[in-house]
Amino acid sequence: MSSSTKQSEPSSFVREELERALAEQSPAIAGFELISSSPLKAAARVDLLEGEPIIVSLTSRGFQLHSPSEAPMDPDHDSEAVFETVEQLLQTVSPQYELSRRNALLAKLESLADPA
C-alpha cells in the first residue's frame, strides 16, 4: 500500500483534522501551533489577527474554544459551546477573521471578473 493511499492511524486522525482545518484558515488567522493530542482530542494555540491567543480543541463532539489558561486535554473540563466547524468558532471570537475572509473572497471574485 502506498503512503498516499494509506489510511491515517486512529490516534492521529483528530490531530490531522485539526491541523488541516486551521491550515485552511491561515489567511484569516495570524498562526497556529498544535500543543497536544490524544486519540480522542487535539488542541492547538491559535493566534488571532487581533493579537489574542486562544486554544481550539477538536473532539468527536466538534470544535471547542478554551482560554490559554485552561487545560484543554482535561476530559472533565469541556466548554459549553461546541462548534461544527472551525469557521463558526473563529467567527464568534474574532471580528478581524470575518473581515479578512470577506476581503479575500472579494479579491478572488474581482480577479475572476477581470480577465487579464
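The structure contained in this document is the topic of the report that follows.

So, how was this worked out
Residues numbered from 1 in each chain as written. Predicted model: local features only at pLDDT ≥ 70, side-chain atom pairs only at ≥ 80, totals over all residues. Heavy atoms only, no water. Helix = DSSP H or I, 4+ residues; strand = E, 2+ residues; numbered from the N terminus. Contact = heavy atoms within 4.5 Å. Core = buried A, V, L, I, M, F, W, Y, C linked by side-chain atoms within 4.5 Å. Buried < 20%, exposed > 50% of the residue type's maximum accessible area, 1.4 Å probe, protein only. Pairing = 2+ DSSP bridges. Axes fitted to C-alpha atoms, helices over the stretch in contact; angles between N-to-C directions. Arc of directions from axis to C-beta. Polar contact = N/O pair within 3.5 Å; in protein donor to acceptor, adjacent residues only side chain to side chain.

Observations concerning the environment of G31
Okay, so step 1: Tracing the backbone through its elements, the reader meets G31 in strand β1 (residues 31–37).
Okay, so step 2: Considering only alpha carbons, one finds G31 and R45, 14 residues apart in sequence, at a separation of 8.4 Å.
Okay, so step 3: Those residues in contact with G31 that sit more than four places away from it in its chain are R45, V46 and D47.

What about the nonpolar core?
Okay, so step 1: Counting residues in hydrophobic clusters, the biggest one holds 19 residues, and the most contacted among them are L18, V46, V56, F63 and L90.
Okay, so step 2: Looking at this core, the elements with two or more residues in it are α1 (10–24), β2 (42–47), β3 (53–59) and α2 (86–93).
Okay, so step 3: Ranked by residues supplied to this core, first place goes to α1 with four residues.
Okay, so step 4: Those residues in contact with V56 that lie beyond four places of it in its chain are L18, A42, A43, A44, V46, F63, Q64, V86 and L89.

Observations concerning the sheet that holds β2
Okay, so step 1: Read across the open sheet, the four strands follow the order β1-β2-β3-β4; overall the sheet is antiparallel. Both edges of this open sheet fall to β1 and β4 (62–66), since each of them pairs with a single strand only. Strand-to-strand twist in this sheet, taken as the mean axis angle between neighbours without regard to direction, amounts to 25°.
Okay, so step 2: Across five bridges, β3 lies against β4 in antiparallel orientation. If you follow V56 over to β4, its bridge partner there is L65.

Let's talk about α2
Okay, so step 1: The set of residues buried in α2 consists of V86, L89 and L90. Seen end-on, α2 carries its buried residues on one side only, within an arc spanning 95°.

Here's the deal with the side chain of S94
Okay, so step 1: Its place among the elements puts S94 in the loop between α2 and α3 (95–113).
Okay, so step 2: Since its relative accessible area comes to 1%, S94 is described here as buried.
Okay, so step 3: Of the polar contacts made by the side chain of S94, one reaches the side chain of E50; its length is 2.8 Å.
Okay, so step 4: Dropping the residues within four chain positions of it, S94 is found in contact with L48 and E50.

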